[in-house]
Amino acid sequence: MSNFIVDPSMPLTGLINLAQPLSFAGYQASGGYQGAQKALKMSSAQCLDVVKDSGLKGRGGAGFPTGMKWSFVPMFAEDDVNAPDNKYLVCNADEMEPGTFKDRLLIEGNPQQLVESMLIGAYTIGANKAYIFLRGEYFLAAKRIQTAIDEAYKAGWLGTNIQGSNYQLDLYLHTSAGRYICGEETALINALEGKRANPRAKPPFPQVSGLFGKPTIVNNVETLCNLPHIFKHGGDWFKDFSPNSDPGSKIYGASGRVKNPGLWEMPMGMTIGHVLNDKAKGMQDGLKFRGLLPGGASTDFLVEEHLDTPMDYDNIAKAGSRLGTAGLIVLDDHNCPVGMVLNLLQFFAQESCGYCTPCRDGTPWVVEILTRIEQGNGTLADIDSLEKLCDFMWIGKTHCALAPGAVEPLRSALKYFHDDFLEHIDKGCCPIKHGNKPATL
Ligand code: NAI
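Remember, it's a predicted structure, so these values are computed and weren't measured experimentally.

Parameters and conventions
Here the residue numbers are simple positions, counted from 1 along each chain's written sequence. The predicted nature of this model means local features are confined to residues of pLDDT at least 70 and side-chain atom pairs, given and counted, to a pLDDT of 80 or more, with totals for whole chains, interfaces and linings taken over all residues. Just so you know, side-chain values use all the structure's heavy atoms and leave hydrogens and water out. By convention in this text, a residue qualifies as near a molecule or strand provided that one of its non-hydrogen atoms is within 4 Å of it. A 3.5 Å cut-off defines polar contacts: any pair of N or O atoms within that distance qualifies, except that in protein one atom must be a possible hydrogen donor and the other a possible acceptor, and neighbouring residues in sequence count only when both atoms are side-chain atoms. Note on areas: Shrake-Rupley with a 1.4 Å probe; residue coverage comes only from the protein chains shown. Residues were grouped as follows: Ala, Val, Leu, Ile, Met, Phe, Trp, Tyr, Cys and Pro as nonpolar; Asp, Glu, Lys and Arg as charged; and all remaining residues, including Gly, as polar. The start and end points of each domain follow an automatic or database-based domain assignment. Strand pairing is assigned whenever DSSP detects at least two bridges linking the two strands. Helix numbering and strand numbering both begin at the N terminus, where a helix is a DSSP run of H or I of at least 4 residues and a strand a DSSP run of E of at least 2. Where helices are involved, their axes are fitted lines through C-alpha atoms of the stretch in contact, as for all axes, and angles between N-to-C directions lie from 0 to 180°. Whether two residues are in contact is decided by their heavy atoms, any of which lying within 4.5 Å being enough. Values labelled buried area give the accessible surface lost by two parts on being combined, using a 1.4 Å probe and summing over both. Only one rule defines a salt bridge in this text: a Lys or Arg side-chain nitrogen within 4 Å of an Asp or Glu carboxyl oxygen.

Concerning the site of the ligand
Surveying the vicinity of the ligand reveals 17 residues, the closest of which are Lys 69, Glu 97, Glu 185, Gln 207 and Arg 322. The separation between an oxygen atom of the ligand and a polar main-chain atom of Gly 61 is 3.4 Å. For the ligand, an oxygen atom lies 3.0 Å from a polar atom in the backbone of Glu 97. Here the ligand has 840 Å² of accessible area as a free molecule, and 74% of this is covered by the chains. Residues of the shell around the ligand, tallied by class, amount to 7 nonpolar, 5 polar and 5 charged. Counting contributing residues, the shell around the ligand receives three or more from each of domain 1 (24-240) and domain 2 (249-332).

Some thoughts on the sheet that holds strand 6 (residues 262-267)
Read from one edge to the other, the open sheet built from 4 strands follows the order 6-5-8-7, with strand pairing classed as mixed. Taken across any chain shown, the strands that pair with only one partner, and hence form the sheet edges, are strand 6 and strand 7 (289-293). Sheet twist, expressed as the average angle between the axes of neighbouring strands with direction ignored, equals 30 degrees.

Overview of the domain arrangement of the protein
In terms of domain boundaries, the protein breaks down into domain 1 (24-240), domain 2 (249-332) and domain 3 (337-434). Distance from the C-alpha centre of domain 1 to the C-alpha centre of domain 2: 28 Å. Contacts between domain 1 and domain 2 engage 17 residues on the former and 18 residues on the latter. For the domain 1 and domain 2 pair, buried surface summed over both sides reaches about 1,400 Å², with 59% attributable to carbon and sulfur atoms. Ranking the residues of domain 1 by area buried against domain 2 places Arg 59, Glu 97 and Phe 101 at the top, with a combined share of 32%. Where domain 1 meets domain 2, there are 1 salt bridge. The partner of Glu 222 in a salt bridge is Lys 250, with the nearest N and O atoms 2.7 Å apart. On inspection of domain 1 and its partner domain 2, the count reaches 9 residue pairs in polar contact (both at pLDDT 80 or more). When residues in the side of domain 1 that touches domain 2 are grouped by element, the largest group, 3 residues, is from helix 5 (residues 102-109).

This is how it looks when you write it as structure tokens:
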């Protein structure tokens, strides 16, 4: 696990203990399950209002308003509670976005928090079955979350008549067989049903027709982990936590050749420069900053001029990128941007489900062209082709967000690092690998 120092004043990570996470008893003694206790005394509709009023937005990458998403689930009538198999809550813990490792921290460091979150979420939407869909390689997280689930059953926070109420919830852990596309919510649902993990056409959205055709909410780990705190302290506390219009905290990350790669929970809206220079301690000695992907690999590059941009959904969008997972992937001057984008596109090409033509044929085509350029065999026509492919693989022309996500680092690299592409073509080689700048320190 990466660098992480606990800040007890932070809601989601303040109780993290990576060496030995809190047991059920320890979690409860530290204030755990107070949010769930409050929720169980309210009706589902009242709980939904709490989530809507809080202004919580999805932390998986897309930033969709959580309360609005939940409000699309039909049937909030009391007599639906405990109707068998009527709705589902699914936690998307299939964390595979490159440069993103925040959900792993939350699950390994405080698994009871996620169990409480699942209880609050499932109760709110009136689901009696909930699933945690976990990345297959997260072995330690799997062990710890299963222990937490077992402990919660024993303590009467899962199962039938939870804490004396007439509400029942069964929570299951499902470990993924391992594909990036399983993190797309409808592909995840297909995988959970035992089918090939191709994304489904939307609409219908899962909120209406999801797992086994029933209304289903799929939310990211970090999104859900906000619930115990919102219910415990209230929506106003959540809004006040952040200095700007996007409420709550955010777990920011940094990877690449910075001095102190890691994860930090802070209020939403800290500037990119603060995360990069104050938390990640800037570039390693001898290296210069060139740019970064602000929210995992499927976001657009930002550069020096953007370092004062607050990391929230609107401001990062205004700067020309997306907040995504808020995991910075930092590019330095000894690494070739063409090579970096090639590396990312190889990943996306390998992870394409192959269903739609722009993604199935577009991603390997981009890899072929970038390989040619990176090896010094490219032409100016190749740059034109890449620009056309960025359009061909964009939103609205593909079955899901994978190909548009793959295009984001590419199109922004063509914008900010255009000269690097031209230099490869001019010199017939990678100027960083073969020029006067060493590729590695
Ligand atoms: P999306 O914007 O299509 O949907 C986000 C959520 O909002 C979904 O739950 C969807 O059902 C809901 N939604 C959107 N429009 C709706 C509408 N009109 N009516 C009802 N519900 C609606 O984005 P998507 O494809 O779910 O996620 C893409 C994001 O995932 C990317 O931004 C990327 O950053 C992130 N991602 C994160 C990964 C990770 O490991 N955390 C891995 C891969 C991608």
